[in-house]
Each structure stands twice: as structure tokens, then as C-alpha cells.
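Read off the chains here:
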Amino acid sequence: MSTVRQQTIDEACELQGVGLHTGENTRVRFLPAPVNTGVCFRRVDLEGSPEIAAVVGNVVATDRGTTLGIGAERIHTVEHVLASVASLEIDNLIIEVDAQEVPAADGSARPFVELLSSAGVGEQDAPARVFKLDEAFSLEDGASSFVVAPAEEYRVSATIDFDHPLVGRQFASFTITSDSFARYLAPARTFGFIHEVEALRQRGRALGGSVDNAVVLTEEGLLEGTQLRFPDEFVRHKALDVVGDLALTGMRLHTHVVAERPSHRANVALARELVARAERKALTRPPLDIQQILQYLPHRYPFLLVDRVIEYEEGRRIVGLKNVTINEPFFMGHFPDHPIMPGVLIIEAMAQVGGLLLMDAVENPEEKLVYFMSLNNVKWRRPVIPGDQILFELEMLQVRGRTCKMRGVGTVDGQVVAEADMMARYVDR
Ligand SMILES: [Zn+2]
């Protein structure tokens, strides 16, 4: 099972600069966040500091950059920051901004990567969400197309084709690790054509755009004062944008993404497809049988009360089942003439299923034990009798260090038999 851990930054850090579209001076501040927070923007200039999670469901526009929004609130041009965050494998982060866009910096991801790296990136006590593919698939969106293939690591290959003497057709392929991203992709700047920049300015956009934060192309070459950082800076930047937009999946992608003429719109369509595939896969993840359960749980007959795990979403949710038969030892003494399963054992069975969810989140689970620390809101709704099959569904509510909070519900034939909130802790054996 997974040993890839979630990560956040070690300390807060910030950066100021001009926003590409508004031309206003803006500030971005990065803050560490607890496990399962994900990456979340916070508009600190607005009343109540509304939060907008960096997830594909919050994308509201993909015209010249990716815009997130909830209600009337917006964050523009999130892709270069998100590419930096994803390349450093940061899963949990609060990104405070005091305007409707992040600073354009130099038009690349380099200033963000350098800032976040110097803040330090550290592991947290929960498994990261890693997306792996079983077989390749393709996706088309307008002039863009993708092939996504299974891979052990994250890799992005991109091809672009622009009718311009300096650009033309360019292809590049990169493994996305923090080192290779920082070296080969992060410095690549966004680019635009001078006639487009003028048209955008007339519409009140790109007001902060200049040769300081973009590669500006004229009909023949480069606007004066610009020098390319790489001969193929253009395709590198498009690959950077792919990484930034796919960060909206909220997962570590262990896949090879081959992009032909990628655009923000198409990248976001691919992010949606990846999320949909991950959700389908979570529902069909192979169950744990009793032999696998025995590897993880220290309990033995007559105290092992889980028969099978039938659904499982790493670190988040688990569904286990217990078949209750007349041969259970507790029926011998628990009302022989009127056998019902002791309520506390129903909760014990629920706790064992929860233990499996927690054990899967730790390294070397065979060296650990789960202790339950508290039970709250325990309710028994109806008795459990021989012949019943209890389904226990547990959801992880919070993980903090070695402690976690879970909510469990037990049902028989769709009717609730027991529920409880539980707090557990794992310790070394
Ligand atoms: Zn870009």
C-alpha cells in the first residue's frame, strides 16, 4: 500500500508584483496547511476572506489563463503558481492573495518555485492521492489533443505549432520532478503576439503585461529588449501550463501526458477526465480479503470482527463487512434464547474497519497498533441477529500527527444499526 505522503511547506513565505491583467500591485502569501486541505486560494482583500479551492470544479474561465471562481469571487491566472506547487509535490497549501490575480512575476514559474523551495517542503502524516492509469486513453478538445499513458513517474511531452518564424513546430518532453521542473520548465515565460497584446489592452486586459513578464513576438521576431531563455522556450512554457492546469486534479499524477497543441481549455477538460477516472477507480478498487486483513490487524479469532473490505478510498473512506452467524462465540452467552450481537462488539467491529483505514495511512503498519481514544455520539438503532450482514462505512474526518477522527455508520439491509464518532491513535508495537 501507499507510502507516498502528503506534503506542505515548512513556513509561510510571500512575493509581490504586478498582476498581468489588472496591472495592479498584488501580493501572494503561501501558508502551510493541515493534511487533506488541498491547495486553496484565499482572497484576503475581500470581507470574510473567501476561499476558492484549486480544483477543476471551480474553473470558470480559460481565456488566456485559467480563472477560478465561486459566486462572484475570482482568482485569475492561477496556472504558473499551481505548476510550481505541483512540481514540488505540495498537496496542502493556503495561497492568500490581496487582489483578483496573483503577481505575474517574470511571466514564468521560477520565482514561485524558488520561493516555495526555500520555505522548505515537508511530509505529513497522511497518504498522498496518487493517480495511476491502467491503460492509455486519448482526449480531443478543439485543435488540442492528448494521449495519456501509464507511467511510473509524471512526464509531460508537448508539441506546439505556431505560424511564426521563431516558433514553428516545437516538441519537448520532460519528467516532472522538482529538480527537472525547476531547471527545464520553470524559467520558461509566457508569450504573446504584439497585435494580440494591443487588442487585449483595448479591452482593458494585459494592462500589466510588458517585456518584463512576457516574451512579446512581433511579426518577424522578438520585441526589442527580449531575449529567449531557451530556443524552445515556447513549448516549454506550454508544458508548464499543462502541469499547472492538471494540478487542478488535486492528485499526484504518475502518468505520461502527451499533449498536441495544448490550451488552457483543453488542459482543464483533461483535468476533468482524470478526476472522473480517479473517482471511478476508487469505486472499483480491489477489495481486501481476510488474508490481507490479517496482515494489517493484530486481532485474531474470536476477536477479529471484519470479514472483508469491499470499498476503499485511500486515507479517506472504507467499507468493510461482517457476516454475523449463530456460531459467533458471543451468542453462547449473550442471551442464548434470544441471540443478539452485543452493542459494544458492533462498535468494536466498526473500530476494526476504521483501524484498517488508519493503518493504510502509516508506514510499516506491521510495526504499529491502533488504540481508540474516544467515542462520541454512539447510537444503536436496532439489534443485530444471526444471519445479518453488517456493512460498516467509515469516513476519515481529520488526521493530525498520529491521531485521527473518523465517523462510522453500520447498516444491515440499508438500515442503520449503529453509528459513532471515533478518535484513534497509532503507536509503535
Ligand atoms: Zn502560462
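For clarity, every value in this text was computed on a predicted model and none was experimentally measured.

1. Some thoughts on the domain arrangement of the protein
Per the domain assignment, the segments making up the protein are domain 1 (5-283) and domain 2 (290-428). The gap between the C-alpha centroids of domain 1 and domain 2 is 42 Å. Every contact between the two is made by nine residues of domain 1 and, on the other side, nine residues of domain 2. Within the residue set of the side of domain 1 that touches domain 2, elements represented by two or more residues are β10 (121-127) and α6 (264-283). Considering every element that reaches the side of domain 1 that touches domain 2, the biggest residue donor is β10, with three residues.

2. Thoughts on the packing of helix α1 (residues 79-87) against helix α2 (residues 110-119)
Taken N-terminus to C-terminus, the directions of α1 and α2 make an angle of 40°; their axes are 9 Å apart at the nearest point. Taken together, the axes of α1 and α2 lie oblique to each other. Crossing angle aside, the handedness with which α1 passes α2 is right-handed. Across from H80, V81, S84, V85 and S87 in α1, the residues of α2 making contact are F112, V113 and L116.

3. Remarks on the sheet that holds strand β3 (residues 25-32)
Taken in spatial order, the five strands of this open sheet run β2-β3-β9-β4-β5, and their pairing is mixed. The open sheet terminates on both sides in strands that have one partner only, identified here as β2 (13-18) and β5 (51-53). For this sheet the average axis-to-axis angle between neighbouring strands, irrespective of direction, equals 20°. Of the strand pairs in this sheet, strand β4 (residues 39-43) and β5 are connected by three bridges, and their pairing is antiparallel. Each bridged residue has a counterpart across the sheet, and for R42 the counterpart in β5 is E51.

4. As for α2
Looking only at α2, the buried set comprises R110, P111, F112, V113, L116 and A119. Tucked inside the fold, the buried residues of α2 contact β1 (5-9), β2, β3, α1 and α3 (178-185). Taken from the residues just after α2, G120 is the one with a positive phi, measuring 90°.

5. Side note on the nonpolar core
Ranked by internal contacts, the top residues of the largest apolar core, which has 72 residues, are L82, V85 and V243. If we ignore the near neighbours within four places in the chain, the residues touching V85 are V39, I90, L93, L116 and A247. If you look at the next biggest cluster of nonpolar residues, it comprises 40 residues, including I318, V319, M350 and Y426.

Definitions and limits used
- Residues numbered from 1 in each chain as written.
- Predicted model: local features only at pLDDT ≥ 70, side-chain atom pairs only at ≥ 80, totals over all residues.
- Domains from an automatic or database assignment.
- Contact = placed C-beta atoms within 7 Å.
- Helix = DSSP H or I, 4+ residues; strand = E, 2+ residues; numbered from the N terminus.
- Axes fitted to C-alpha atoms, helices over the stretch in contact; angles between N-to-C directions.
- Parallel < 35°, antiparallel > 145°, perpendicular 65-115°, else oblique.
- Left-handed = near helix turned anticlockwise from the far one by under 90°.
- Pairing = 2+ DSSP bridges.
- Buried ≥ 20, exposed ≤ 12 C-beta atoms within 10 Å, placed from the backbone.
- Core = buried A, V, L, I, M, F, W, Y, C linked by C-beta atoms within 7 Å.

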